[in-house]
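# Per-entry structural report
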Amino acid sequence: MAFTDRVKQILSWYGSDNPGTVTQIARLLTTGTLAGTGKLVILPVDQGFEHGPLRSFGPNLDAHDPDYHFRLAIDAGCNAYAAPLGALEAGAAKFAGQIPLILKLNNSDSLSDVEPCSAITGSVDDALRLGCVAIGYTIYPGSGLRNTQYQDLRELTAEAKAKGLCVIVWAYPRGKGMSKEGETAIDVVAYAAHVSAQLGAHVIKIKPPTAHIEQPEAKKALEKAGIPIATLSDRVRYCVRAAFDGKRIVIFSGGAAKGTDEVVAEIKEINAGGGFGSILGRNAFQRSRADGLDLLRKVIGVYKA
Amino acid sequence: MAFTDRVKQILSWYGSDNPGTVTQIARLLTTGTLAGTGKLVILPVDQGFEHGPLRSFGPNLDAHDPDYHFRLAIDAGCNAYAAPLGALEAGAAKFAGQIPLILKLNNSDSLSDVEPCSAITGSVDDALRLGCVAIGYTIYPGSGLRNTQYQDLRELTAEAKAKGLCVIVWAYPRGKGMSKEGETAIDVVAYAAHVSAQLGAHVIKIKPPTAHIEQPEAKKALEKAGIPIATLSDRVRYCVRAAFDGKRIVIFSGGAAKGTDEVVAEIKEINAGGGFGSILGRNAFQRSRADGLDLLRKVIGVYKA
Amino acid sequence: MAFTDRVKQILSWYGSDNPGTVTQIARLLTTGTLAGTGKLVILPVDQGFEHGPLRSFGPNLDAHDPDYHFRLAIDAGCNAYAAPLGALEAGAAKFAGQIPLILKLNNSDSLSDVEPCSAITGSVDDALRLGCVAIGYTIYPGSGLRNTQYQDLRELTAEAKAKGLCVIVWAYPRGKGMSKEGETAIDVVAYAAHVSAQLGAHVIKIKPPTAHIEQPEAKKALEKAGIPIATLSDRVRYCVRAAFDGKRIVIFSGGAAKGTDEVVAEIKEINAGGGFGSILGRNAFQRSRADGLDLLRKVIGVYKA
Amino acid sequence: MAFTDRVKQILSWYGSDNPGTVTQIARLLTTGTLAGTGKLVILPVDQGFEHGPLRSFGPNLDAHDPDYHFRLAIDAGCNAYAAPLGALEAGAAKFAGQIPLILKLNNSDSLSDVEPCSAITGSVDDALRLGCVAIGYTIYPGSGLRNTQYQDLRELTAEAKAKGLCVIVWAYPRGKGMSKEGETAIDVVAYAAHVSAQLGAHVIKIKPPTAHIEQPEAKKALEKAGIPIATLSDRVRYCVRAAFDGKRIVIFSGGAAKGTDEVVAEIKEINAGGGFGSILGRNAFQRSRADGLDLLRKVIGVYKA
Amino acid sequence: MAFTDRVKQILSWYGSDNPGTVTQIARLLTTGTLAGTGKLVILPVDQGFEHGPLRSFGPNLDAHDPDYHFRLAIDAGCNAYAAPLGALEAGAAKFAGQIPLILKLNNSDSLSDVEPCSAITGSVDDALRLGCVAIGYTIYPGSGLRNTQYQDLRELTAEAKAKGLCVIVWAYPRGKGMSKEGETAIDVVAYAAHVSAQLGAHVIKIKPPTAHIEQPEAKKALEKAGIPIATLSDRVRYCVRAAFDGKRIVIFSGGAAKGTDEVVAEIKEINAGGGFGSILGRNAFQRSRADGLDLLRKVIGVYKA
């Protein structure tokens, strides 16, 4: 398969990676409806672990079945499907090769009252034996356990790259020294994207940033530089720039479930701002299968246009 | 031995596991009186370690002898016998091959006042040299030491699966941020079952859940979804669903010793709710041998019917 | 499952082995129609590798399918099925747990003209991941490459025993200093059985010995001791004695395909001489499935009587 | 040397161990004046490390010399001598083979004020190179560092058993959640003996228990079961039972130095209660050599009678 | 146990060995009827492997049973029993601790026509797990494969000494450049004893040397030095001297079976010449048990006198 110029351009940013890892990034970029466009829409399903099965799958009981999500991602034309160990093991044999898989290597439940730090629940070798293209790892910049997370990620990243896998970082600022608003502040989200790039991520997932600015020094710098942040497009544009001037793939989470029009409007802004794509979980599976498919296809349509 | 359709169906859920691990799951499902039914009754004896010998074996002094439990499990027609390292070593040579064994790899005594986290007291290689079909591991979702437990389990699970063993997780929610009632709340128990499945467990042991709901968000989700939880059967049904829509084997502990009729009534509810079986310790050995055998056989009878 | 006295007696001979290994020997002795009798009938299918597919499966084209042999062994009520890596991998997932498996760890094709010495084509870890109860290994006592074989076997045996597996040695005398007749001579076959026992085998497979005597010193010793060797029963009896006075399981190969009556007559002699069983390949699968099943069941019937 | 029936019976309890480990247990049971009786008197000298040389060897200055203790144990007819690395290294060459040695693998000094947890000060390979029959390890059930200790012991035990050594556990309950009286309470001491057995100990050393009961639930269980604890004999009997119904060797420490008659009276009670022997340090060496020998011989005499 | 001066003297020669190894040498010297005398009589049974079961056990059919030899060595009061892996595994659990065991680590069958070089059939770790005091290894000085043997021995010796085991070398000159007579020539046998000492052996087994001299230069040297070799005693005396002036334990094989008087006469010469003892196989077990016991006791009697 000859690659599009855009795919070639994106792959050119990862010249220090071995050809195995680049091959996996290429798989992400050449699968599904968005193949060749340089855009990605990924289905992630770790909410059962993070928020519990009732809150996650109560709105659509069929979503308790791991097979449901493999099928949804494949039928919607997604670029990849991401989940924790158990969920991937439940379907990886049956759907082997039908869609790129991402193994979420750390996860956190909502039962313990601990400093934000996910448990490592899978390994790079698990990713290999399950046929994944990438590992996924969540960091909480701002957590008192930041160092544990960055250091664990460093080791997993080194191993994944040596074994020819791609690394995707979920960057969610959170912790004692940060306001609730600050978790999605433009300065903080852009900062988290940059840290992820520095940690060696090939793909970075962040939340759509708000216009709030958490750090006074950042506020001063932003105003001085005259960087616009009024619209989501503006803010997305800066976040992408913060990740090595757009030379790392930055994608955006969808957040809590909402109406289809609302989702599509947000995606249009992300796309207009140069976002590389979306990673939509709850909005995709907390609807009936027909509605979920419809939403995902509309989102994909925005990026494809 | 040709397998029943039900056994084949259950084994089909573990397609990502190697044939060695599937063979061990098959051994659990094709041993004892319930062979072929897809149901399991397991005798676990770790109470001496967990609660001390007096509280555990005081009610039936003969139960101090490790041989007693091997014989009880074999004679009752159980699917397997589970115990810590020392107890298995005491009888594994004498009873080699007579019943599938499960090595409990972590245990906790009641002498220390520590954050809930069991000590690792055995290894996967111990399980191999003792001829076990599975390792067992207890997690305390809700504990401040959750991450230590999940990560230790991850390593043990990876090793066990590579070496062709089955993994059984004892999921007991417990910890500072949780009420005593919450430890058996339907939302919390279902959540613990789901987390166990995500961590890669083949078999999940939980406590029979109560109708209490611990987390407000879960309460809302549950009511909105209209999931019935009035009877134990209802609650068992949802817990099984929470573990990959019934595609993981979920079994239920018996709890503190009680009357035979009471036990049997509870088992009937578990069975009606689609529970895969029971793991009964104190109710089985804190009676005379004759009464223990009688109880186990009645319980097995319920699942066999 | 309570064991028969005979099974208990046989297991008692392996007191230096860990309970894991004893468990696997027990599985061999408690599976299939002969469960509990202390006798074994095993289906081995490595002839495709050893003699080529045309010579092996030409007489019964259906036998080209690896599934065929799993089904034949299961349906006939055999104790186990033995094959090289590829053939086991082809069916181990589908038939997981339905019959004890033996992984033949070394094999030799008939395309090279080399000093008799099989290539090692599998590992102990392969046996674990495929769910096997035993490894199998062929030695050629008499070969100039004897030391390579004995030493490789020593390492595989140490590893298999540490990991709770059983070791089965195929002992086929062969080599430059030996006449063709000598390969099945009573003195040579008994010698090979003894060497296998000394190398640590739990189960020893030899060919039915002839009344030929290869070594002059052995002839003298045999005559002086007055050991009868006139009938096959006599010779089987001495071979069993040569393997630690009957304290190792010695089973007999069936050799080239022949008529059912001829096979059954030979089995009767082996049984009368105290042989522990048979390992029948070509006679079982170089017939139609119906005839193969019929033959295996007749052979099993002889041992069961 | 043919063994007595009692020695054979005791060895039969260790059927899951390899012959190397059983050989070492046999050495303990067939050395010294008590050879063949199934009883043991061991000289342990780690008090210099635990309490300092002044408190330990002040009462008998000659005991500063490591040779002193080798000679005392040999001349008194003890079954074994136990000490930390340095003390064994000081005499192991000179007295090689004259008495079974036990290497205490962890030790604690009284200079630091830390949560009870001894430092690991020797290795299994040290035990091999010094010619020891066993490793010794102290656990403090009740300590907040319980998990560290149990897990370290697990690894050392696995290695020792693989290399054909015996494992002796010193079980001394101690920690924040326990009263000073509770450290020798019958329920707590029996619990510690049981935990040691579950951790895989071949020989368990505990303190003579008092009639105090620490845990309310244990008190209830004990009274309901009608287990007598009025005399030391009664209490010893239950502790032995708590260790796998008497199928593990349980021996008793002598505690602080006291009069000979007092020691002998206590030993008579331990013997009457079915204790397997004593491990006497301070009472043996905090006297003149003549008195120490006299005391040890009297104690041995009680067990021999 | 206090040691005799002779045992202490012998142990003093091994001052560079760790106490573990010295402990094992001490065990050899303090077991059986000859305990404390500095003399040894060992029962070796590897003839089944070396010459085949018919030639080895034909003269006394009961000797096919591995238990037979354990019992014979124990009942006769031997210092140790030596055998290959399989034979030791067959009895090591049952007779654990009753007699020091020596694992013969290499063995050769008489079926192949190969350059003299035994196969390595056991490991140092096997010796540990079976509870052996020593490893045994055969070298064929004179073989074209000498270097392979010396180098394998070097590695096994280094490992055995690090793990606290004793090393016994069977030194049998043999090979193309040597006459049949030369294999037992005084110069050659003494040379082989010296080579064994240089290779690090603690105990050296050689054949009783004849008065034949194989090497012309040796003949000259011997005559010049005026070393007497007329009687077996003379020759034994020189062989002992050749092994570090008597500072290594040198023992003598018994050779082919012969009459009791003949054996006893030979032993008397060996003893008179300062030989440390005998290692008698065929003469011990190729008789009825009563006669074998009688012979062994007479031989032991000679050394004890």
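Quick caveat, the model's predicted, so the values are computed rather than measured. (Residues numbered from 1 in each chain as written. Chains lettered and ligands numbered in written order. Predicted model: local features only at pLDDT ≥ 70, side-chain atom pairs only at ≥ 80, totals over all residues. Heavy atoms only, no water.)

## Quick word on the overall build of chain A
To keep it simple, the criterion reads: Secondary structure elements follow DSSP: runs of H or I no shorter than four residues count as helices, runs of E no shorter than two count as strands, and numbering proceeds from the N terminus. Atoms counted for the radius of gyration: C-alpha only. Globule rule: 2.2 Å times the number of residues to the power 0.38. Remark: exposure states derive from per-residue accessible area (1.4 Å probe, protein chains only) relative to the maximum for the residue type, with buried under 20%, exposed over 50%, and partly exposed in between. With residues, only the protein chains shown are counted as cover, and all accessible areas are computed by Shrake-Rupley using a 1.4 Å probe. As used throughout, the charge tally considers Lys and Arg to be positive and Asp and Glu to be negative, leaving His and the chain termini uncounted. The location of each charge is read from NZ of Lys, CZ of Arg, CG of Asp or CD of Glu.
Tallying secondary structure elements over chain A gives 14 helices and 10 strands in all. In terms of C-alpha radius of gyration, chain A reaches 18 Å, essentially the compact-globule figure of 19 Å for 305 residues. If you line up chain A on its principal axes, its C-alpha atoms span 55 × 50 × 40 Å. Taking all 305 residues of chain A together, 62% fall into the buried category. Surface accessibility of chain A: about 11,200 Å² in total, with carbon and sulfur atoms responsible for 51%. Computed over 34 positive and 31 negative side-chain charges, the inter-centroid distance for chain A is 5 Å.

## Focus: unusual backbone geometry
With a phi angle near 55°, A:Asp245 is a residue other than glycine that sits in the positive phi range. Take A:Asp245: it is sitting in the loop between α11 (232-242) and β9 (249-253).

## Notes on the relation of the copies chain A and chain B
Keep this limit in mind: Residues reaching a pLDDT of at least 70 in both copies supply the C-alpha atoms on which the copies are superposed by least squares.
When chain A is fitted to chain B, the residual RMSD is 0.1 Å, and the transformation amounts to a turn of 71° plus an axial shift of 0.8 Å. Taken together, the turn and the small shift mark the pair as related by a five-fold rotation axis. Among all C-alpha atoms of chain A, that of A:Thr148 lies closest to the rotation axis, at 11 Å.

## What to know about the packing of helix α9 (residues 186-198) of chain C against helix α11 (residues 232-242) of chain C
All names here are of chain C. Where we set the bar: The axes are straight lines fitted to the C-alpha atoms, using for helices just the contacting stretch, and the angles between their N-to-C directions are given from 0 to 180°. When an angle is under 35 degrees it counts as roughly parallel; over 145 it counts as roughly antiparallel; between 65 and 115 it counts as roughly perpendicular; any other value is oblique. By convention, the crossing between two helices is left-handed when the near helix turns anticlockwise from the far helix through less than a right angle, and right-handed when the turn is clockwise. Between two residues, a contact is recorded if the distance between any of their heavy atoms is within 4.5 Å. In this classification, Asp, Glu, Lys and Arg are treated as charged, Ala, Val, Leu, Ile, Met, Phe, Trp, Tyr, Cys and Pro as nonpolar, and every other residue, Gly included, as polar.
Orientation of α9 relative to α11, taken along the N-to-C sense of each, is 30°, at an axis distance of 8 Å. For the element pair α9 / α11, the angle class is roughly parallel. In this structure, α9 meets α11 at a crossing whose hand is right-handed. Residues Ile186, Val189, Ala190, Ala193 and His194 of α9 form the contact with α11, whose own contacting residues are Arg235, Tyr238, Cys239 and Ala242. Looking at the contact of α9 with α11 residue by residue, the class counts come to seven nonpolar, one polar and one charged.

## Things to note about the interface of chain A and chain B
The test is simple: Buried area counts how much accessible surface, traced with a 1.4 Å probe, disappears from two parts once they are put together, with both parts' losses summed. Only one rule defines a salt bridge in this text: a Lys or Arg side-chain nitrogen within 4 Å of an Asp or Glu carboxyl oxygen. By the criterion applied in these results, polar contacts are pairs of N or O atoms within 3.5 Å in which, for protein atoms, one can donate a hydrogen and the other can accept it, and in which residues neighboring in sequence qualify only through two side-chain atoms.
Listed as interface residues are 40 residues of chain A and, on the opposing side, 38 residues of chain B. Both sides together, the interface formed by chain A and chain B hides about 3,300 Å², and carbon and sulfur atoms give 59% of it. The largest contributions to the chain A side of the interface with chain B come from A:Leu54, A:His64 and A:Leu111, which together make up 23% of the buried area. For the interface between chain A and chain B, the tally reads four salt bridges. As a salt-bridge pair, A:Glu89 and B:Lys161 come within 2.6 Å of each other at their nearest N and O atoms. Taken together, the links from chain A to chain B amount to 24 residue pairs in polar contact (both at pLDDT 80 or more).

## Topic: the sheet that holds strand β8 (residues 203-206) of chain C
Residue and element names in this part refer to chain C. Going by this rule: Any two strands between which DSSP finds at least two bridges are classified as paired.
The parallel closed barrel is built from eight strands, whose spatial order is β1-β2-β3-β6-β7-β8-β9-β10. Averaged over all pairs of adjacent strands, the angle between their axes in this sheet comes to 25°, without regard to strand direction. With three bridges joining them, strand β1 (residues 40-44) and strand β10 (residues 277-279) adopt parallel strand pairing. Pairing of Val41 across the sheet is with Ser278, part of β10.

## What to know about helix α11 (residues 232-242) of chain B
Burial analysis of α11(B) places nine of its 11 residues in the buried class, which makes it a mostly covered element. When we look at burial in α11(B), the residues that qualify are B:Leu232, B:Ser233, B:Asp234, B:Arg235, B:Val236, B:Tyr238, B:Cys239, B:Val240 and B:Ala242. Buried-residue contacts for α11(B) involve α4 (53-57) of chain A together with α9 (186-198), β8 (203-206), β9 (249-253) and α12 (260-272) of chain B. Phi turns positive, to about 60°, at B:Phe244, one or two residues after α11(B).

## Some details on the environment of B:Ala211
Residues and elements named next belong to chain B. Looking at the secondary structure, you find Ala211 in the loop between β8 and α10 (216-225). With 40 residues separating them in the primary sequence, Ala211 and Ile251 have C-alpha atoms 18 Å apart. Each residue touching Ala211, except ones within four places of it in the same chain, is listed here: Ile186, Ile229 and Arg235.

## Re the confidence of the model for chain A
Stated precisely, the cut-off is as follows: Values of pLDDT, ranging from 0 to 100, describe the predictor's confidence in every residue of the model.
Looking at chain A, the pLDDT average stands at 95 and 100% of residues meet or exceed 70. In the predicted assembly, ipTM is 0.94 and pTM is 0.95.

## Here we look at the arrangement of the chains
Of all C-alpha pairs spanning chain A and chain E, none lies closer than 31 Å, and the two are not in contact. Separated without contact, chain B and chain E have their nearest C-alpha atoms at a distance of 12 Å.

## Section: the state of the cysteines
The criterion, for reference: Here, a disulfide means two cysteine sulfur atoms that sit within 2.5 Å of each other.
On inspection of all chains with the given rule, the structure shows zero disulfides over all chains. Residue A:Cys166 stays outside any disulfide, its sulfur separated by 11 Å from that of A:Cys132, the closest cysteine. There is no disulfide at C:Cys239, and the cysteine sulfur nearest it, in C:Cys166, is 20 Å away. C:Cys239 sits in the buried class, given a relative accessible area of 0%.

## Some points on the nonpolar core
The nonpolar side chains of soluble globular proteins are, as a tendency, buried together. The following threshold applies: By convention a nonpolar core is built from buried Ala, Val, Leu, Ile, Met, Phe, Trp, Tyr and Cys residues, the set being connected through side-chain atoms within 4.5 Å.
Membership of the largest hydrophobic core comes to 558 residues, with the highest contact counts inside it found for A:Tyr81, B:Tyr81 and E:Tyr81. Contacts of A:Tyr81, omitting those with residues within four sequence positions, involve A:Leu43, A:Val45, A:Pro66, A:His69, A:Phe70, A:Ala73, A:Ala87, A:Leu88, A:Ile99, A:Pro100, A:Leu101 and A:Ile102.

## Focus: the packing of aromatic side chains
Under the convention used in this document: Here a pair means two rings of Phe, Tyr or Trp (six-membered ring of Trp) with centres within 6.5 Å. Their orientation is stacked below 30 degrees between planes, edge-to-face above 60, and tilted elsewhere. When the NZ atom of lysine or the CZ atom of arginine is within 6 Å of a ring's centre and also within 35 degrees of its normal, the charge is said to sit over that ring.
Summed over all chains, the structure comprises 23 aromatic pairs over all chains. Aromatic pair C:Phe57 and C:Phe285: ring centres 5.6 Å apart, planes at 50°, arrangement tilted. Of this pair, C:Phe57 sits in helix α4 (residues 53-57) while C:Phe285 sits in helix α13 (residues 282-285), and the two are 228 residues apart along the sequence. Residues C:Phe57 and C:Phe285 agree in their burial class; the two are buried. Through pairs of rings, three or more aromatic residues link up here, namely A:Phe70, A:Tyr81 and A:Phe95. The side chain of B:Lys207 reaches across the aromatic face of B:Tyr172, ending 4.8 Å from its centre. In this structure, C:Lys104 packs its charged tip against the face of C:Trp170, placed 4.9 Å from the ring centre.

## Brief notes about the environment of C:Pro228
All names here are of chain C. Tracing the backbone through its elements, the reader meets Pro228 in the loop between α10 (216-225) and α11. With a relative accessible area of 48%, Pro228 lands in the partly exposed category. Taking the C-alpha atoms as reference points, Pro228 and Ala211, separated by 17 residues in sequence, lie 9.7 Å from one another.

## Some remarks on the side chain of A:Thr30
Residue and element names in this part refer to chain A. Structurally, Thr30 can be placed in the loop between α2 (19-29) and β1 (40-44). Polar side-chain contacts of Thr30 include one of 2.7 Å to the backbone oxygen of Ala26. Ignoring anything within four residues of it in the chain, the contact list for Thr30 reads Met1, Phe3, Val7, Ala35 and Gly36.

## Thoughts on the pairing of strand β1 (residues 40-44) of chain E
Residue and element names in this part refer to chain E. The buried fraction of β1 amounts to five of the five residues, a majority that puts the element mostly inside the structure. Side-chain alternation along β1 places Leu40, Ile42 and Pro44 on one buried face and Val41 and Leu43 on a second face that is also buried. Note: β1 against strand β2 (residues 80-83), three bridges, orientation parallel. Bridging across to β2, Ile42 finds its partner in Ala80.

## Remarks on the interface of chain B and chain D
Contacts between the two partners involve 40 residues from chain B, matched on the other side by 38 residues from chain D. Together, the buried faces of chain B and chain D total about 3,300 Å²; carbon and sulfur atoms form 59% of this surface. If you look at where chain B meets chain D, you find five salt bridges. B:Asp62 is the salt-bridge partner of D:Arg241, the closest N and O atoms lying 4.0 Å from each other. At the junction of chain B and chain D, the tally comes to 24 residue pairs in polar contact (both at pLDDT 80 or more). At the level of elements, α3 (47-51), α4 (53-57), α5 (66-76), α6 (85-91) and β5 (119-120) of chain B are the ones that each hand at least two residues to the side of chain B that touches chain D. At six residues, α6(B) tops the list of elements feeding residues into the side of chain B that touches chain D.

## Quick look at the pairing of strand β6 (residues 134-139) of chain E
A regular strand places its side chains on the two faces of the sheet in alternate fashion. All names here are of chain E. Basically, it comes down to this: A right-handed crossover is one whose linking path, passing over the helix from the first strand to the second, runs clockwise when the strands point away from the viewer.
Counting buried residues in β6 gives six out of six residues, a clear majority hidden from the surface. Of the two faces of β6, both are covered, the one formed by Ala134, Gly136 and Thr138 as well as the one formed by Ile135, Tyr137 and Ile139. In the sheet, strand β3 (residues 101-104) pairs with β6 via three bridges, with the strands oriented parallel. Its bridge partner being in β6, Lys104 is matched across the sheet by Gly136. Taken together, the six bridges between β6 and strand β7 (residues 166-171) define a ladder with parallel strand orientation. Looking at β7, one finds that Ala134 is bridged to Cys166. Regarding the hand of the β-α-β motif, the stretch spanning β6, helix α8 (residues 146-162) and β7 is right-handed.

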